[in-house]
Amino acid sequence: AASDVYKRQPFYIISFIRQLFARKKCFRGKAMELTAIINKINSFLWGVPLLILLLGGGIYLSIKLGFPQIHILKIMKKTVFTLFKKESSESDSLSQFQTFSTALAATVGTGSVVGVGECIRIGGAGSVFWMWVSAFFGMGLAYCENYLGVRCSDGKLCGAASYLEKIGRTKLTAVLFAVFTVGASLGMGNMVQTGSAAAAAREGFGIPSYIFALVVLIFVFLVAVGKNSAACLCEKLVPIMAVLFIGGSLGVIIFHPLKAAGAIAMIVKNAFCPTACITGSAAGTIIFSMVEGLKRGAFSNEAGLGSTVAVHSSCEIKSPELQGTWAMAEVFIDTFVICTLTAVVIIISGTDLTGEDMAVRAYNAALGGAGKYFMSGSLILFALATVAGWFFIGERAWRYLFPRSDMIYRIMAIACGCIGTMWSMELVWGVSDIFNGLMAVPNVIGVLVLWRKEVEMRNEE
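Predicted, not measured: the structure shown is a model, and the values here were computed from it. (Residues numbered from 1 in each chain as written. Predicted model: local features only at pLDDT ≥ 70, side-chain atom pairs only at ≥ 80, totals over all residues. Heavy atoms only, no water.)

1. Observations concerning the overall build of the protein
Tallying secondary structure elements over the protein gives 20 helices and 0 strands in all. Across the 461 residues that make up the protein, the buried fraction comes to 55%. The long-range share in the protein, meaning contacts at least 24 apart out of those at least 6 apart in sequence, stands at 83%. Of the roughly 20,200 Å² that the protein leaves accessible, carbon and sulfur atoms contribute 68%. (Helix = DSSP H or I, 4+ residues; strand = E, 2+ residues; numbered from the N terminus. Buried < 20%, exposed > 50% of the residue type's maximum accessible area, 1.4 Å probe, protein only. Contact = heavy atoms within 4.5 Å. Areas by Shrake-Rupley, 256 points an atom, 1.4 Å probe, with all protein chains shown as cover.)

2. Side note on the nonpolar core
Most often, soluble globular proteins keep nonpolar side chains buried together rather than apart. One finds Leu54, Tyr163, Phe219, Phe245, Ile267 and Met375 to be the most contacted residues of the largest nonpolar core, which totals 133 residues. The leading source of residues in this core is helix α18 (residues 370-401), at 18 residues. Residues in contact with Phe245, not counting those within four places in the same chain, are Val113, Ile338, Thr342, Tyr363, Phe374, Met375, Ser378 and Phe382. (Core = buried A, V, L, I, M, F, W, Y, C linked by side-chain atoms within 4.5 Å.)

3. What to know about the confidence of the model for the protein
Model confidence for the protein is summarised by a mean pLDDT of 79, while 84% of its residues fall at 70 or above. Here residues 1-10 scores under 50 on pLDDT; set against residues more than four positions off or in separate chains, the count is 0 contacts. Counting contacts from residues 276-284, a segment whose pLDDT is below 50, to residues more than four positions away or on other chains yields 13 contacts. (pLDDT = per-residue confidence, 0-100.)

4. Some remarks on the packing of aromatic side chains
The relation between two aromatic rings is expressed through the spacing of the ring centres and the mutual angle of the planes. Using the criterion set out here, one finds 19 aromatic pairs in the structure. The interplanar angle of 80 degrees and the centroid separation of 5.2 Å between the aromatic rings of Tyr147 and Trp451 together place this pair among those described as edge-to-face. A residue pair is termed long-range when its members are at least 10 positions apart, and Tyr147 in helix α8 (residues 127-151) and Trp451 in helix α20 (residues 425-460) qualify at 304 residues. Relative to Phe374, the ring of Tyr363 lies with its centre 5.6 Å away and its plane at 25 degrees, an arrangement referred to as stacked. Of the two residues, Tyr363 is situated in helix α17 (residues 358-367) and Phe374 in helix α18; the sequence distance between them amounts to 11 residues. Residue classification places Tyr363 among the buried positions, given a relative accessible area of 0%. Using a relative accessible area of 12% as the deciding quantity, one classes Phe374 as buried. One aromatic cluster in this structure is built from Phe129, Trp130, Trp132 and Phe272. (Phe/Tyr/Trp six-rings, centres within 6.5 Å; stacked < 30°, edge-to-face > 60°.)

5. What about the pattern of salt bridges?
Summed over the entire model, instances satisfying the criterion amount to 4 salt bridges. Across the salt bridge formed by Arg399 and Glu395, the nearest N and O atoms sit 3.7 Å from each other. With Arg399 and Glu395 both in helix α18, this residue pair falls 4 residues apart, about one helical turn. A relative accessible area of 27% places Arg399 in the partly exposed class. For Glu395, a relative accessible area of 5% gives the class buried. In this structure, Glu395 engages Arg410 in a salt bridge whose closest nitrogen and oxygen atoms are separated by 2.9 Å. Note that Glu395 is positioned in helix α18 and Arg410 in helix α19 (residues 406-420), a separation of 15 residues in sequence. Accessibility assignment for this pair places Glu395 and Arg410 in one class, buried. Among the ionic contacts, a cluster of salt bridges with common partners joins Glu395, Arg399, Asp406 and Arg410. (Salt bridge = Lys/Arg side-chain N within 4 Å of Asp/Glu carboxyl O.)

6. Concerning the environment of Gly124
With respect to the element layout, Gly124 can be found in the loop between α7 (114-123) and α8. With 147 residues separating them along the chain, Gly124 and Ala271 place their C-alpha atoms 8.4 Å apart.

7. Some thoughts on helix α10 (residues 172-205)
Counted at 1.5 Å a residue, the expected span for α10 with its 34 residues is 50 Å, and the 47 Å between its end C-alpha atoms agrees. At Ala184, α10 is deflected by roughly 35 degrees, the largest bend along its length. For α10, the tally of buried residues reaches 25 of 34 residues, placing the bulk of the element in the interior. Looking one or two places after α10, you find Gly206, whose phi comes out positive at around 70 degrees. (Expected span 1.5 Å × (residues − 1). Bend = angle between axes of the 7 residues up to and from the residue.)

8. Some remarks on unusual backbone geometry
Of note in the backbone geometry, Phe67 takes a positive phi value of approximately 50 degrees without being a glycine. Judged by its relative accessible area of 26%, Phe67 is partly exposed. Positioned with a positive phi, Glu302 is a non-glycine residue whose angle comes to about 60 degrees. Looking at the secondary structure, you find Glu302 in the loop between α14 (282-301) and α15 (309-312).

9. A look at the state of the cysteines
According to the stated counting rule, one finds 0 disulfides in the structure shown. Of the cysteine sulfurs around Cys234, a residue in no disulfide, the closest is that of Cys232, at 9.3 Å. Among the residues examined, Cys234 registers a relative accessible area of 0% and is labelled buried. (Disulfide = S-S within 2.5 Å.)

10. Re the side chain of Asn436
Note that Asn436 resides in helix α20. Look at Asn436 and you get buried, because its relative accessible area is 4%. Discounting residues that sit within four places of it in the chain, Asn436 has contacts with Trp46, Ala184, Met188 and Leu305.

11. Description of α19
Taking 1.5 Å per residue, 15 residues should reach 21 Å; α19 reaches 21 Å between its end C-alpha atoms and fits that length. Turning to α19, its buried residues are Asp406, Tyr409, Arg410, Ala413, Ile414, Cys416, Gly417, Cys418 and Gly420.

12. Topic: the packing of helix α6 (residues 96-107) against α18
Running from amino to carboxyl end, α6 crosses α18 at an angle of 110 degrees, the nearest separation of the two axes being 7 Å. In this view, α6 runs roughly perpendicular relative to α18, as classed from their interaxial angle. In terms of crossing hand, the pair formed by α6 and α18 is left-handed. Across from Thr102, Ala105 and Ala106 in α6, the residues of α18 making contact are Ala385, Thr386, Gly389, Trp390, Phe392 and Ile393. Looking at side-chain class alone, the contact of α6 with α18 contains 6 nonpolar, 3 polar and no charged residues. (Axes fitted to C-alpha atoms, helices over the stretch in contact; angles between N-to-C directions. Parallel < 35°, antiparallel > 145°, perpendicular 65-115°, else oblique. Left-handed = near helix turned anticlockwise from the far one by under 90°. Nonpolar A, V, L, I, M, F, W, Y, C, P; charged D, E, K, R; others polar.)

Laid out in C-alpha cells, this is it:
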C-alpha cells in the first residue's frame with residue numbers, strides 16, 4: 001500500500017516538462033511554415049546593405065580613430081592592471097573584471113564555436129578570413145559605441161539607449177532599440193543558448209532534455225535573483241570556460257604545428273581563390289564566401305549591435321576610453337582567438353567539410369574519445385555564460401522601457417530558458433537574427449552621427 005501511495009506521488013515538475021516535450025510534435029508543422037517566412041525576412045534584413053553599413057561604419061570609425069586595432073596588444077599591456085582595480089561606488093556598478101567577464105560572456109556564445117563550423121561548411125575555409133576582416137573593423141565600432149555609452153550614461157545604466165536618445169527630437173529610436181534588445185536577449189541570448197546546451201548535454205552525457213530543463217530553470221533563477229547576480233556568475237564561469245576551451249584547442253594545435261600553419265595558409269588562400277566554395281562561378285564563389293564570413297563575423301563578435309554597452313556603462317570605472325579599449329579586446333578574443341582556434345582545429349582534424357555539426361565532429365576526431373565530452377562540456381559552459389551575460393543586457397533594456405518592473409522580465413527569462421530546451425532551434429535562431437539586425441541598424445547610424453559630433457566637440461576644445 002505504501003508503495004502504491006509513493007507511485008501516485010510523481011515529481012510533478014519533471015512530469016509536467018515531459019508532457020510538454022511529448023506535445024511539441026503538434027507544433028512542428030506550423031513551426032516549419034513560420035520558419036520559412038522568418039528565413040525570407042532574415043535574408044532581406046541581413047543582406048548586403050546591412051553588411052555594408054556594418055563594414056563601412058567600422059572602416060570609417062577606424063580611420064577616424066587612427067586604427068587603434070593595430071596596437072591593441074600594446075594598449076592592453078597598459079590597461080590590463082585595471083581588471084583588478086576597484087573603486088568605491090554605488091551598489092549597482094560592476095568591477096572592471098565583472099564588466100569584462102559579463103561582456104565577454106555575452107559575446108562568446110555557442111555561435112563562436114558551432115557557428116564557425118557552419119561558416120566553413122557554407123562559405124568555405126576562406127570565409128574565416130572575412131570573419132577576421134569583419135572583426136578588425138568591428139573593433140572600431142565596438143570602441144565608439146562603448147565610449148559613447150559611458151559618456152552619455154548620466155547614471156541611467158541603460159546601454160546604447162542612453163546615446164540614441166540624442167538622435168532626433170523624441171526617444172523613439174532609443175525605445176525601439178530597447179525593445180529589440182529585450183527580444184534578442186530572450187531569443188538569441190537565452191532560448192538559443194539553452195537549446196544548444198540541452199543538445200550538448202543529451203549527445204555528450206546522455207542527459208534527457210527534460211532533465212536538463214530543470215538545470216536551466218535553477219541556473220536562470222540564480223542569475224535572476226539578487227543585484228548583479230548575472231555579473232557575479234559570469235566572473236566565475238568565464239575564466240573556467242576560457243581555460244578549458246583555449247587549452248584544449250591549443251593542445252590539438254601544438255601536436256600538429258605544420259598542419260596548423262597549413263590551415264592558416266588555406267584560410268588566406270581560399271579567401272581570394274575560386275575554390276573557396278564548391279559550387280558557383282569564380283566571381284560568385286568569392287563574393288559568397290565574403291558575404292558569409294562578414295555575416296558570421298557580425299553574428300559572433302556583435303560589434304555594432306550595441307549589446308555590450310549596457311555592461312560597460314555599468315562599470316564603476318567611468319572612463320570612456322578605458323571601456324572602449326576593453327570592448328575592442330572582447331571582439332579580438334571572440335574572433336581572433338576563439339573562432340580562429342575553432343577553425344584551425346576543424347581544418348587540421350580532416351573532418352568532412354560538407355556535413356552539419358562540423359565543429360563537434362572535428363574535436364571528436366582530434367581528441368579521440370575525450371572529444372565528445374570536451375565539446376559537450378565547453379558548449380554547455382559557453383551557453384550558460386551567454387545566458388547570464390545577455391540577462392544583464394536584457395534586464396537593463398527592460399528597465400529603460402518599464403522602470404521598477406524587473407520581476408516581469410525575470411519571469412520571462414526563466415520561462416524562455418526552459419522553453420528553449422524543447423523548441424525548434426531553427427525558428428528561434430531565425431527570430432533572434434531578426435532582432436539582432438534590427439538592433440544593428442539604429443545603433444550603427446546613431447554611432448556614426450554622434451561620433452561625428454564628438455569629434456567636432458573635441459576640435460572646438
